[in-house]
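A look at the structure
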Amino acid sequence: MKLHLQPITLAKHDALLQLMQRIYPPAYQHLWINNDCNWYINSQYNLKQLTTELQDKNANYYFVEYNNKTIGILRLVHQKSLATTKLHRLYLDQDYQGLGLGKQLMQLSYDFARANQSKSIWLEAMDTQLQALQFYKQCGFKIVDSYALDFDLILGQFNGMYKMSKQL
């Protein structure tokens, strides 16, 4: 079965928030003080934030569907003046990892980027998320920079980030 991308709209805000409350904690709650990632989920997926993100005409924001089930999200931001695209968000339900869906999503991301005249695509990944880093490296991304997240509630040993880039 092929993946299907469904545009995220304001009317689907509740579905987005519920999805992220389901798929984010299993992979990332260990990063946060008291294993509480609700602050992060609520800050990134609240109605005001979604409204702002949907107003960006240079972005694509989708639910990822597989076998008629919503299993993740994908958001791309095309930085046309720099001829690059940021893969801003890619989250998949852990139950669907290892099926080749990530590779399909990366190919779709490259296609969207090229359609928007991007010559490269980049992303930010946590330096402790070894499975994600290995996946991105297998997809041809290279680490080009590093920095620390500035969130009060994240545990210090998990605030390291890599910026990774790939030429298209």
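Structure first, text after, so check above.
Counting starts from 1 at the beginning of each chain's written sequence and moves along it residue by residue. Thresholds applied to this predicted model are a pLDDT of at least 70 for local features of residues and 80 or more for the giving and counting of side-chain atom pairs; totals over whole chains, interfaces and linings are not thresholded and use all residues. Only hydrogens and water are set aside; all other atoms, that is, all heavy atoms of the structure, feed into the side-chain values.

**Looking at the nonpolar core**
Heads up, the condition is: The definition of a nonpolar core used throughout is a set of buried Ala, Val, Leu, Ile, Met, Phe, Trp, Tyr and Cys residues joined through side-chain atoms within 4.5 Å. Each residue gets one of three labels from its accessible area relative to the maximum for its type: buried under 20%, exposed over 50%, partly exposed in between, using a 1.4 Å probe on protein chains only. Helix and strand definitions here come from DSSP, where helices need a minimum of 4 consecutive H or I residues and strands a minimum of 2 consecutive E residues; each element is numbered from the N-terminal end. The contact definition used throughout considers only heavy atoms, calling two residues in contact when any of these lie within 4.5 Å.
Ranked by size, the top nonpolar core spans 25 residues in total, and within it L16, M20, Y24, L31, Y45, I73 and Y91 carry the most contacts. Those elements that place two or more of their residues in this core are α1 (13-28), α2 (38-44) and β2 (59-66). The biggest single contributor to this core is α1, with 8 residues. Other than its neighbours up to four places away in sequence, Y24 contacts Q29, L31, W32, C37, Y40, I41 and Y91.

**Here we look at the pairing of strand β7 (residues 160-167)**
This is how the line gets drawn: In this scheme, strands are said to pair when DSSP sees at least two bridges between them.
Relative to β7, strand β5 (residues 120-126) runs antiparallel, the two being bridged by 7 bridges. Note that in β7 the partner of A125 across the bridge is Y162. Two elements, strand β6 (residues 142-148) and β7, share 6 bridges in a ladder whose sense is antiparallel. Bridge assignment links Y147 to a residue of β7, and that residue is M161.

**Concerning unusual backbone geometry**
With a phi close to 50 degrees, N67 is a non-glycine residue in the positive phi region. Its identity is not glycine, yet N68 carries a phi of approximately 60 degrees, on the positive side. Of note, N68 is situated in the loop between β2 and β3 (69-79). Note on N68: relative accessible area 78%, which makes it exposed.

**Here's the deal with the pattern of salt bridges**
Note the threshold: By definition here, a salt bridge exists when the distance from a side-chain nitrogen of Lys or Arg to a carboxyl oxygen of Asp or Glu is within 4 Å.
Counted by the stated rule, this structure contains 5 salt bridges. Residue R89 is joined to E53 by a salt bridge in which the shortest nitrogen-to-oxygen separation is 2.6 Å. Remark: E53 occurs in helix α3 (residues 47-54) and R89 occurs in strand β4 (residues 84-92); sequence separation between them is 36 residues. Each member of the pair, R89 as well as E53, is classed as buried. The closest approach of N and O atoms between K86 and E124, which form a salt bridge, is 3.0 Å. Taken as a pair, K86 in strand β4 and E124 in strand β5 lie far apart in primary sequence, 38 residues in all. Exposure remark for K86: the relative accessible area of 15% places this residue in the buried category. The partly exposed category is assigned to E124, whose relative accessible area is 32%.

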